[in-house]
Amino acid sequence: MTSQIIITASEMQRLEQQAFQEGLSPSIAMENVGKAIAHNLLTCNKTAFLPVLLLVGRGNNGGDALVAGCHLLNAGGDVIALLTTPPTELSPLAQNAYHRFLSLQGVVLQMQPDVSFSSLSLPQKAIVLDGLLGTGFTPPLAPSIEALIKEVNASHFPVYAIDIPSGISGDLGLKNTTAINAQATFSLGAPKIGLFLQKSWEHVGSLIHVDFGLPPKYLKKQDAPFHLATLSHAATLFPPILRTRHKYQSGSVLILEGAPGMTGATSLASLAALRSGAGIVDILRTTETPLSKTFPLETRELFWNTKTPPPTNKATTCLLGLGRSNSEETAELVAQLFSAYPFQRFIADGGALQPNPPYSWPKGTILTPHHGEAKLLLQTYPSPEVCQNFVNTTNTILLLKGAPSFLFSPSQPTYIIPFGSPGMATAGSGDVLAGIIAAQLAQNLPPINATLLASVLHGLSGEIAAGINTIQGMIATDIINSLSTAIKKITNKWFD
């Protein structure tokens, strides 16, 4: 199993044209899209019995919406098509779908410049299928379309988008302040990179893959620059488990303790590491007096007088910077550990993420900044291009944490991790992630695989925790408590 490629809108257009030249019929492709969307809406408990309002633009996305409407009408549904352009200005395929829709007694409303969406005679309850604009949209929005999008967003109707929420560019992401707020997006063939750039992710909702007949060979481009992480791919990354293994084979992790008052980060990371596979976790303390935070009973504690070399340790993975400030003191501690443990694998977070540090990152070091830390580390906005140049230059792995997260490395495509919940925006969530990465790295996974697997586990655990504790009520330890369920879900998906 592999991850799913993410491509640009222009690349998808090129692949479609190539497929059409090799025999795929454009009308059959549109039929496949409309049929799949209708099936999804008809089999979903939330939408199966609701009237459907189609937002129809002049392009083939409008045609997709009309074909879906035809299938919904055939299934006995109530469907209204709201045209934003005269029928004669629809694309040829969309015109064919329009006449078919009329022949099935579908209701058509023509949007007029002086008529607002809210003043239309519409059902009190309905779902909206967004077929206004396609992935090839480039800003700005036409004033009438912008006004319509704003009114749709302000309505109480749930919206499903075809391929991309209208207002978002398939290549550039959200460049305006206005775009459809979708509950879910039907991704045609392969997701477009614009879904994940800028603030687009706020508008996408759940991603639902739709196969419209594009031959699989076009979607197996392992050299594509962006890949979407999937549960099936993550399942193949788990380290093998020997029946006879011992705790050192399970992985040994060394964590530099946080500063006084900040050792909760160490507690969370150490517990997350143990819960996600590590056999041993040692805490490297720099204070002689035990601090108030309680570490898991399963951890061991070592004292380091920082005026002397760090103590000898058998750990193969070292986690640095949690609960530490971005200071000269932290930089000096990190430099000493890099020097003392040259054969260890390193994960740098928090205070270890310093711009122009007085040391070189060991090859394969995993850096885990959120956007604010990345801006400081890179000394500029962390665009994909900037992040990729950084890892190419430093020979490191960089996980840009966010919604979604981006994983950059010198030798592999950039992975986008779509899993997670807004409830994970809580103190300690990043410390949990660092501990999960450390556990996978300590089990001898390559740094990119360890980080990718850990990111999927972390995001999925967050989704599970939010389902149990609510988005508002979940805390970082809930993510740890959901790790076992996440592991079961991924491995079961692999074996099903």
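Predicted, not measured: the structure shown is a model, and the values here were computed from it.

1. Quick notes on the overall build of the protein
Okay, so step 1: What the protein contains, in helices and strands, is 15 helices and 18 strands.
Okay, so step 2: With the principal axes as the frame, the protein shows a C-alpha extent of 85 × 45 × 45 Å.
Okay, so step 3: Across the 496 residues in the protein, those meeting the buried criterion constitute 53%.
Okay, so step 4: If you take every contact in the protein between residues at least 6 apart in sequence, the share linking residues at least 24 apart comes to 71%.
Okay, so step 5: When the accessible surface of the protein is split by element, carbon and sulfur atoms take 54% of a total near 21700 Å².
Okay, so step 6: Mean positive and mean negative side-chain charge positions of the protein (30 and 31 charges, respectively) differ by 8 Å.

2. What about the packing of helix H12 (residues 429-442) against helix H13 (residues 447-469)?
Okay, so step 1: Axis separation between H12 and H13 bottoms out at 8 Å; the angle between their running directions is 135°. As judged from the angle between their axes, H12 and H13 are oblique. Judged by the sense of rotation from one axis to the other, the crossing of H12 with H13 is right-handed. Judged by residue contacts, Ser 429, Val 432, Leu 433, Ile 436, Ile 437, Gln 440 and Leu 441 of H12 engage Pro 447, Ala 450, Thr 451, Leu 453, Ala 454, Ser 455, Leu 457 and His 458 from H13.

3. Quick look at helix H10 (residues 371-378)
Okay, so step 1: The complete set of buried residues in H10 reads Glu 373, Ala 374, Leu 377 and Leu 378. One side of H10 carries all its buried residues, which in axial view fall inside an arc of 120°.
Okay, so step 2: Buried-residue contacts for H10 involve strand E15 (366-367), helix H11 (384-394) and strand E16 (397-400).
Okay, so step 3: Remark: Gln 379 follows H10 within two positions and exhibits a positive phi of approximately 60°.

4. What to know about the sheet that holds E16
Okay, so step 1: A sheet is described by the order of its strands in space; here 11 strands give the open sequence E1-E9-E18-E17-E16-E15-E14-E13-E10-E11-E12, paired in mixed fashion. At either end of the open sheet lies a strand with only one pairing partner, and these are strand E1 (4-6) and strand E12 (300-303).
Okay, so step 2: In this structure, strand E10 (residues 252-256) lies alongside strand E11 (residues 280-285), joined through 5 bridges in parallel fashion. Residue pairing for E11: Val 253 is matched across the bridge by Val 281.
Okay, so step 3: Helix H8 (residues 264-275) rests against E10, E11 and strand E13 (317-320) of the sheet, and its axis sits at about 165° to E11.

5. Structural notes on the nonpolar core
Okay, so step 1: In terms of nonpolar packing, the biggest core is built from 55 residues, with Val 281, Leu 407, Val 432, Leu 452, Val 456 and Ile 490 touching the most fellow members.
Okay, so step 2: Here the element with the most residues in this core is H13; it accounts for 11 residues.
Okay, so step 3: Those residues in contact with Leu 407 that lie beyond four places of it in its chain are Ile 397, Leu 398, Leu 399, Pro 413, Thr 414, Tyr 415, Ile 417, Ile 448, Thr 451 and Leu 452.
Okay, so step 4: Listed in part, the 44 residues of the second largest apolar core include Ile 168, Leu 174, Phe 346 and Phe 406.

6. Describing the pattern of salt bridges
Okay, so step 1: Inspection of the entire model under this criterion finds 9 salt bridges.
Okay, so step 2: One salt bridge in this structure joins Glu 11 and Arg 14, with 2.9 Å as the shortest N-O distance. Linking Glu 11 with Arg 14, this pair stays in helix H1 (residues 9-21), spanning 3 residues, or about one helical turn.
Okay, so step 3: With a relative accessible area of 41%, Arg 14 lands in the partly exposed category.
Okay, so step 4: Note that Glu 301 is salt-bridged to Arg 285, the shortest N-O span being 2.8 Å. Of this pair, Glu 301 sits in strand E12 while Arg 285 sits in strand E11, and the two are 16 residues apart along the sequence.
Okay, so step 5: Given a relative accessible area of 10%, Arg 285 falls into the buried group.

7. Some thoughts on the packing of aromatic side chains
Okay, so step 1: In the structure shown here, the tally under the stated rule is 8 aromatic pairs.
Okay, so step 2: Aromatic side chains Tyr 160 and Phe 186 sit 6.0 Å apart centroid to centroid with 25° between the ring planes, which places their arrangement in the stacked category. With Tyr 160 in strand E6 (residues 159-162) and Phe 186 in strand E7 (residues 184-188), this pair connects stretches of sequence that are 26 residues apart.
Okay, so step 3: On the accessibility criterion, Tyr 160 (6% relative accessible area) is buried.
Okay, so step 4: Ring geometry for Phe 338 and Trp 361: centres 6.2 Å apart, planes at 70°, overall edge-to-face. Of this pair, Phe 338 sits in helix H9 (residues 328-340) while Trp 361 sits in the loop between strand E14 (345-348) and E15, and the two are 23 residues apart along the sequence.
Okay, so step 5: Phe 338 sits in the buried class, given a relative accessible area of 9%.
Okay, so step 6: One aromatic cluster in this structure is built from Phe 338, Phe 346, Tyr 359 and Trp 361.

8. Considerations on the environment of Ala 38
Okay, so step 1: Of note, Ala 38 is situated in helix H2 (residues 26-43).
Okay, so step 2: Spatially, the C-alpha atom of Ala 38 lies 6.1 Å from that of His 71, the residues being 33 residues apart in sequence.
Okay, so step 3: Once residues within four sequence positions are removed from consideration, Ala 38 is found in contact with Ala 68, His 71 and Leu 72.

Analysis parameters
- Residues numbered from 1 in each chain as written.
- Predicted model: local features only at pLDDT ≥ 70, side-chain atom pairs only at ≥ 80, totals over all residues.
- Heavy atoms only, no water.
- Helix = DSSP H or I, 4+ residues; strand = E, 2+ residues; numbered from the N terminus.
- Buried < 20%, exposed > 50% of the residue type's maximum accessible area, 1.4 Å probe, protein only.
- Contact = heavy atoms within 4.5 Å.
- Areas by Shrake-Rupley, 256 points an atom, 1.4 Å probe, with all protein chains shown as cover.
- Lys, Arg positive; Asp, Glu negative; His and termini not counted.
- Charge placed at Lys NZ, Arg CZ, Asp CG, Glu CD.
- Axes fitted to C-alpha atoms, helices over the stretch in contact; angles between N-to-C directions.
- Parallel < 35°, antiparallel > 145°, perpendicular 65-115°, else oblique.
- Left-handed = near helix turned anticlockwise from the far one by under 90°.
- Arc of directions from axis to C-beta.
- Pairing = 2+ DSSP bridges.
- Core = buried A, V, L, I, M, F, W, Y, C linked by side-chain atoms within 4.5 Å.
- Salt bridge = Lys/Arg side-chain N within 4 Å of Asp/Glu carboxyl O.
- Phe/Tyr/Trp six-rings, centres within 6.5 Å; stacked < 30°, edge-to-face > 60°.

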